[in-house]
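# Summary of structural features
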Amino acid sequence: MAFTDVSVTFGQGKDTVQALDRVSLGFGRGSFISVVGPSGCGKTTLLHVLAGFQKPSSGRVTVGGTEIRGTGADRGVVFQQGALFPWMTVAGNAAFGPRMRGASRREREERAGHWLRVVGLWDFRDRYPYELSGGMQQRLAIARALANDPAMLLMDEPFGALDALTRERMQEELQAVWRSSGMTLLFITHSVEEAVFLGTDVVVMSPRPGRIVGRFPSPFAQDAATRGTRTVKSDQAFVALREQVLGLILEGAA
Ligand SMILES: Nc1ncnc2c1ncn2[C@@H]1O[C@H](COP(=O)(O)OP(=O)(O)OP(=O)(O)O)[C@@H](O)[C@H]1O
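All values reported here derive from a predicted model rather than from experimental measurement. (Residues numbered from 1 in each chain as written. Predicted model: local features only at pLDDT ≥ 70, side-chain atom pairs only at ≥ 80, totals over all residues.)

### Brief notes about the nonpolar core
- The biggest cluster of nonpolar side chains holds 64 residues, and the ones touching the most others in it are Val35, Ala94, Leu116, Ala143, Leu154, Phe187 and Val245.
- Top element by residues in this core is helix α5 (residues 134-146). It accounts for six residues.
- Residue-level mapping places this core at the junction of two domains, with at least three residues from each of domain 1 (2-74 + 152-253) and domain 2 (89-149).
- Other than its neighbours up to four places away in sequence, Ala143 contacts Ala94, Trp115, Leu116, Val119 and Leu121. (Core = buried A, V, L, I, M, F, W, Y, C linked by C-beta atoms within 7 Å. Buried ≥ 20, exposed ≤ 12 C-beta atoms within 10 Å, placed from the backbone. Helix = DSSP H or I, 4+ residues; strand = E, 2+ residues; numbered from the N terminus. Domains from an automatic or database assignment. Contact = placed C-beta atoms within 7 Å.)

### A look at the domain arrangement of the protein
- For the protein, the assigned domains are domain 1 (2-74 + 152-253) and domain 2 (89-149).
- Relative placement of domain 1 and domain 2: their C-alpha centres are 25 Å apart.
- Tallying the contact residues gives 10 residues for domain 1 and 10 residues for domain 2.
- Per-element tally for the side of domain 1 that touches domain 2: the top contributor is helix α6 (residues 164-181), with four residues.
- For the side of domain 1 that touches domain 2, the per-class residue count stands at eight nonpolar, one polar and one charged. (Nonpolar A, V, L, I, M, F, W, Y, C, P; charged D, E, K, R; others polar.)

### A few points about the site of the ligand
- With respect to spatial proximity, 13 residues lie near the ligand, and among them Phe10, Ala19, Ser39, Thr44 and Thr45 are the closest.
- When contributions to the shell around the ligand are tallied by element, the ones reaching two or more residues are β2 (17-26) and α1 (43-51).
- Looking at which element gives the most residues to the shell around the ligand, the answer is α1, with three residues.
- In the shell around the ligand, the residues fall into four nonpolar, seven polar and two charged. (Near = placed C-beta within 6 Å.)

### Examining the sheet that holds strand β7 (residues 152-156)
- Here six strands make up an open sheet; going across it, the order is β6-β7-β8-β3-β9-β10 and the pairing mixed. With one partner strand each, in any of the chains shown, β6 (75-78) and β10 (212-217) form the two edges of the open sheet. Looking at each pair of strands side by side, their axes are set apart by 15° on average, direction ignored.
- In this structure, strand β3 (residues 32-36) lies alongside strand β8 (residues 184-188), joined through four bridges in parallel fashion. If you follow Phe32 over to β8, its bridge partner there is Leu185. (Pairing = 2+ DSSP bridges. Axes fitted to C-alpha atoms, helices over the stretch in contact; angles between N-to-C directions.)

### Considerations on helix α8 (residues 220-227)
- All buried positions along α8 are accounted for by Phe220, Ala221 and Ala224. Summarising the axial view, the buried residues of α8 lie within an arc of 95°, below the 170-degree limit, and thus occupy one face. The exposed residues of α8 that point more than 90 degrees off its buried face are Asp223 and Thr226.
- At its buried positions, α8 is contacted by β3, α6, α7 (192-198), α9 (229-234) and α10 (236-253).
- Once α8 finishes, Gly228 follows within two positions and takes phi at roughly 90°, a positive value. (Arc of directions from axis to C-beta.)

Pasting the structure below:
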């Protein structure tokens, strides 16, 4: 997956806003890329370009060497708020992607059932989204995206609206799914701690127009399962990397 000199400009004349400025960024299959940066720096725009929602004004984005031409089932997207279909049951939401692809009823039920079990919502399959808590709704949104078997999952601040305890549980669940699936993840967050905890790489963006100002390999995604989340997050090396990333963001904002 590679961004090469990608710029995005919105509007015209004096209303022009440059959201991204010649962003180049590459990462391999199975990476977990966390993206952090000040508000309005273009993180969502970056994700929208990769999802195929937004065309770059210049530059190119390729996946597996092929230039992106639009949205695709190979790239699942999860937004901050679930964006679930309120008129469909939990099972109906989870089976939506396979249904759109024309999968057979049996395959739809199998795929949706598998992911509902993984995210712990199987017992709620006949309920409606409004009957679920915020954390459960986000788990459903993740299951719905995963039911498409995407090679890449793009997540835009997916845990931002959750309480601290639920958020940490969701981080652990996401990490477990990522580890077992071999999926590539692009994960946008305002939490530097979350970025360092989850990512194999932490990418830091400058204030608008967004540029990449730093990229840090992070080893912690690999050992959270064995050492426990609290132990990892209070580890000296973890705190040092978190402060380094935060320092770079604050430096750019000054
Ligand atoms: N469709 C659009 N039309 C015009 N301007 C836009 C559009 N989308 C984004 N922008 C502008 O581009 C800039 C980058 O926005 P973007 O949402 O990508 O930032 P962000 O880093 O995700 O912000 P936040 O962290 O606050 O969610 C902002 O100034 C925003 O106002």
